[in-house]
Amino acid sequence: MEGFVSWPAELAERYRHEGYWRGEVLGDIPRRTARGHGDRTALVDERRSWTYAELDDEADRMAAGLRQLGIQAGDRIVVQLPNVGEFVVLCLAAYRAGVIPVLALPGHRRSEIAYLCELSGAVGYVIPSRHGGFDFLGLAREVVAEVPRVRHVLVLGDSGEFTALASVTAEPEPLPAPDPAGVAMLLLSGGTTGLPKLIPRTHDDYAYNVRASAELCAVDENTSYLVVLPVSHNFAWGCPGVLGVLRSGGKVVLAGNGSPAEVFPLVQREQVSMVALVPPLLALWSDARYRFDADLSSLRLLQVGGSKLAEPQAREALGTFGCTLQQVFGMAEGLLNFTHLDDPEDVVVTTQGRPLSPADEVLVADQDRSGRGELLTRGPYTLRGYYRAAEHNRFAFTPEGYYRTGDLVRLTAEGNLVVEGRIKDQINRGGEKIAAAEIEGHLAEHPSIQEAAVVGAADPVLGETICAFVRVSGPAPSLAEIRRFVQARGVAAYKAPDSVEVVDSWPLTSVGKIDKKALARSLAERGR
Ligand code: J2J
């Protein structure tokens, strides 16, 4: 596949020889349980549930349906569905047909989706008709007008002039097995320069990612796994996530959102044993724990990751939920670090765990005196290059193929990682990643903004929020106006600035660039 950077042959050979890559393909993940215990529940969402036999059969039919539409092996489709069972059916169908899903988030809007369709060369786009009060049919009209190559819009619900996802079904047919070494899907990176990059994940590498995470988390057929994060996020999809649970014969429960009022009764009803959370959601759950009389005693494992979990919050959660807590420091690019289920409490509350695989190579580069440096990594499930991004890849990888994570970490004596900060120009807003440059680019288009610099401001709930420093000509736009402006440009709401600071001049670095560290410091000094 043009634009995909694969592992060097000798490393690929080693990963196969040592049993990391076993030639498994992602579409086969639920098959074992479907054949042996087809009547077991695989999936539950707000509207219906699927047994393993149903899930398997519907995925086969949809795979045939995709081919009947003319969507072929190797074609890309941008998938933007919320937490519904059809997302799972569709992805399995795509994997089986060799069609490559590009996993977008429900919050993305015109600018992000059109860009993803363009970059991936997508021929299809999959949406709900409406979700969260938003009309996705209207969005799809704009997208196909901008990117005519997108020939198929598949819609869950009322399909208007487009194709109903429910109609994408045909008699199952024997399909050529996809190449395990080939790209199975494209995940989104948080991005550091301009717009997000696409991360190619192969069947071999992601199947290993899923299998090893499921083993580390002791997922089995009794696991009842709740999805409250977007299901298309790497954490919820494969670490071990939905795929890890389906490969083990457990049950996946998809929730529309993570609010305790909705989710606590679901935990009780579905006897949820495991869930992946970001720190702000964990805080919400901890606060609400004693305000609801739902029985949460089925919970066995709380996975928390996506942004830094503060030690006091981790300790509080242990006391509040009385189950195992696990910190996960992961990335859609690959490398996953977990604290282990039997780690001492101190390790669990003060570190972000250690690499999943014995074959993960990690380096802490350019360390300062406290041992803090940039985390570099390569291994059997870490990308070797972003998709169609040759130029960016020259910066993002070392000549030896290590991915520069942009995260500042230190290693403890026992070999656990502690995340100490980052050097990438990105904001981590409660686990959602925003590339500063992307927002700066939009702000610079505002008629009264001459130049903008976007930095993270400390926030007690989200960890960081988005602060836009702007230099203006004429009257300064209000925060509300700036937010409206950014969203009107077709940008996801979570990327709109949370605060704005008007400046007359910029602090500059020695090479004459805007000194963002100084801007961030000026916020910190004012207690923001
Ligand atoms: C501090 N920073 C963290 C943590 C991620 C599991 C968990 C998370 C992600 C994810 C994921 C962090 N403490 N515990 O894909 O499978 C920051 C780092 C990292 C970036 C990756 C998974 N866990 N981070 O968050 O691709 O900066 O993946 O490089 O969205 O999130 O973001 P993303």
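Residues numbered from 1 in each chain as written. Predicted model: local features only at pLDDT ≥ 70, side-chain atom pairs only at ≥ 80, totals over all residues. Heavy atoms only, no water.

1. A closer look at the sheet that holds strand 26 (residues 463-472)
Under the convention used in this document: Think of it this way: DSSP has to see at least two bridges between two strands before they count as a pair. Helix numbers and strand numbers start at the N terminus; a helix is a DSSP run of H or I with at least 4 residues, a strand a run of E with at least 2. Fitting a line to C-alpha atoms yields each axis, with helices limited to the stretch in contact; the angle taken between N-to-C directions then spans 0 to 180 degrees. A contact between two residues is defined here by any heavy atoms of the two lying within 4.5 Å.
Here three strands make up an open sheet; going across it, the order is 25-26-27 and the pairing mixed. At either end of the open sheet lies a strand with only one pairing partner, and these are strand 25 (449-459) and strand 27 (499-502). Here the average twist between neighbouring strands, direction ignored, is 25°. Note that strand 25 and strand 26 share 10 bridges and pair antiparallel. What sits directly across from Ala457, in strand 26, is Thr465. Across the sheet, helix 15 (residues 436-443) touches strand 25 and strand 26, and the angle it forms with strand 25 is around 140°. Lying on the sheet, helix 17 (residues 516-525) is in contact with strand 25, strand 26 and strand 27; it crosses strand 25 at an angle near 55°.

2. Quick notes on the UniProt feature "domain: AMP-dependent synthetase/ligase" (unreviewed entry) in the chain
Quick reminder of the rule: UniProt positions are given in the numbering used here, feature names are shortened, and annotations may be inferred rather than shown by experiment.
Annotation from UniProt places "domain: AMP-dependent synthetase/ligase" (unreviewed entry) at residues 31-387. Secondary structure within residues 31-387 divides into 34% helix and 24% strand; the distance between the first and last C-alpha atoms comes to 30 Å.

3. Focus on unusual backbone geometry
A cis amide bond links Cys239 with the next residue in sequence, Pro240, at an omega value of -10°. Tracing the backbone shows Pro240 in the loop between helix 8 (234-238) and helix 9 (241-248). Non-glycine residue Asp366 carries a positive phi angle of around 50°. By secondary structure assignment, the location of Asp366 is in the loop between strand 19 (361-365) and strand 20 (373-378).

4. A short note on the nonpolar core
Filter applied, for reference: Residues belong to a common nonpolar core when they are buried Ala, Val, Leu, Ile, Met, Phe, Trp, Tyr or Cys residues joined through side-chain atoms within 4.5 Å. For every residue, the accessible area obtained with a 1.4 Å probe (protein chains only) is divided by the maximum for its type, and the residue is called buried under 20%, exposed over 50%, and partly exposed between those limits.
Val88, Leu226, Trp237 and Trp285 are the most contacted members of the largest nonpolar core, which has 122 residues in total. At 10 residues, the largest contribution of residues to this core is made by helix 4 (residues 85-97). Those residues in contact with Trp237, other than ones at most four positions away along the chain, are Phe87, Val88, Cys91, Tyr95, Leu103, Met185, Tyr206, Val231, Val242 and Leu243. Formed by 28 residues, the second largest nonpolar core is a distinct cluster that contains Ile127, Leu139, Val147 and Leu198.

5. Regarding the UniProt feature "domain: AMP-binding enzyme C-terminal" (unreviewed entry) in the chain
Those residues carrying the UniProt feature "domain: AMP-binding enzyme C-terminal" (unreviewed entry) are residues 438-513 in this numbering. As annotated, residues 438-513 has a helix share of 21% and a strand share of 33%, and its two end C-alpha atoms lie 17 Å apart.

6. Details of the site of the ligand
The condition that has to hold: Residues are classed as near a molecule or strand on a simple rule: at least one heavy atom within 4 Å of it. For this analysis, a polar contact is any N or O atom pair within 3.5 Å, provided that within protein one partner can donate a hydrogen and the other can accept it, and provided that sequence-adjacent residues contribute only side-chain to side-chain pairs. Note on areas: these come from Shrake-Rupley sampling with a 1.4 Å probe, and a residue is covered only by the protein chains present in the view.
The environment of the ligand is formed by 20 residues, the closest being Val328, Ala332, Asp407, Lys424 and Lys433. Side-chain polar atom of Asn234 to an oxygen atom of the ligand: 3.0 Å apart, as the coordinates give it. Between the ligand and Lys424 there is a distance of 2.8 Å, counted from an oxygen atom to a side-chain nitrogen or oxygen. Compared with its free state, where it exposes 610 Å², the ligand has 95% of that area covered by protein. Among the elements of the structure, helix 8 and strand 16 (324-331) are those that each provide at least two residues to the shell around the ligand.

7. Observations regarding the packing of helix 5 (residues 110-120) against helix 6 (residues 136-146)
The following threshold applies: With respect to orientation, any angle under 35 degrees is reported as roughly parallel, any angle over 145 as roughly antiparallel, any angle of 65 to 115 as roughly perpendicular, and every other angle as oblique. Put simply, a crossing is left-handed when the front helix is turned counterclockwise from the back one by less than a right angle, and right-handed when it is turned clockwise.
At their nearest, the axes of helix 5 and helix 6 sit 10 Å apart, and the two run at 45° to each other. Relative to helix 6, helix 5 is oriented oblique. As for how helix 5 packs across helix 6, the hand of that crossing is right-handed. Across from Arg110, Ile113, Ala114, Cys117 and Glu118 in helix 5, the residues of helix 6 making contact are Leu139, Glu142, Val143 and Glu146.

8. A word on helix 6
Those residues of helix 6 that fall on the buried side of the exposure criterion are Phe136, Leu137, Gly138, Leu139, Ala140 and Val143. Packing partners of the buried residues in helix 6 comprise helix 5, strand 5 (124-128), strand 6 (130-131), strand 7 (134-135) and strand 8 (152-156). Of the residues that open helix 6, the one with a side-chain oxygen 3.1 Å from the backbone nitrogen of Leu137 is Asp135.

9. Here we look at the side chain of Ser286
Assignment of secondary structure puts Ser286 in helix 11 (residues 279-288). Those residues in contact with Ser286 that sit more than four places away from it in its chain are Glu316, Ala317, Thr320 and Phe321.

10. Section: the side chain of Asn83
With respect to the helices, strands and loops of the structure, Asn83 is situated in the loop between strand 3 (76-79) and helix 4. In this structure the side chain of Asn83 is engaged in a polar contact, spanning 3.1 Å, whose partner is the backbone oxygen of Ala255. Ignoring anything within four residues of it in the chain, the contact list for Asn83 reads Asp45, Val227, Val228, Leu229, Pro230, Val231, Leu254 and Ala255.

11. Some thoughts on the pattern of salt bridges
Rules: Any Lys or Arg side-chain nitrogen located within 4 Å of an Asp or Glu carboxyl oxygen qualifies as a salt bridge.
In the structure shown here, the tally under the stated rule is 39 salt bridges. Put simply, Glu311 and Arg315 hold a salt bridge, and the shortest N to O gap is 3.0 Å. Of this pair, Glu311 and Arg315 both sit in helix 12 (residues 311-321), four residues apart, which is roughly one turn of the helix. Given the relative accessible area of 32%, Arg315 is considered partly exposed. When the shortest N-O distance is used, the salt bridge between Asp368 and Arg372 registers 3.4 Å. Overall, the relative accessible area of 33% leaves Asp368 in the partly exposed class. Look at the salt bridges and you will find they share partners, linking Asp28, Arg31, Asp56, Asp60 and Arg96 into a network.

12. A look at the confidence of the model for the chain
When pLDDT is low, close inspection of the predicted coordinates is not appropriate. Counted only if it meets this: Scored from 0 to 100, pLDDT records how confident the predictor is in each individual residue.
Overall, the predicted model of the chain reaches an average pLDDT of 97, with 100% of residues at or above 70. When the elements of the chain are averaged for pLDDT, helix 17 gives the smallest value, 94, and strand 17 (residues 334-338) the largest, 99. Model confidence for the complex is summarised by a pTM of 0.97, with the ipTM given as 0.99.

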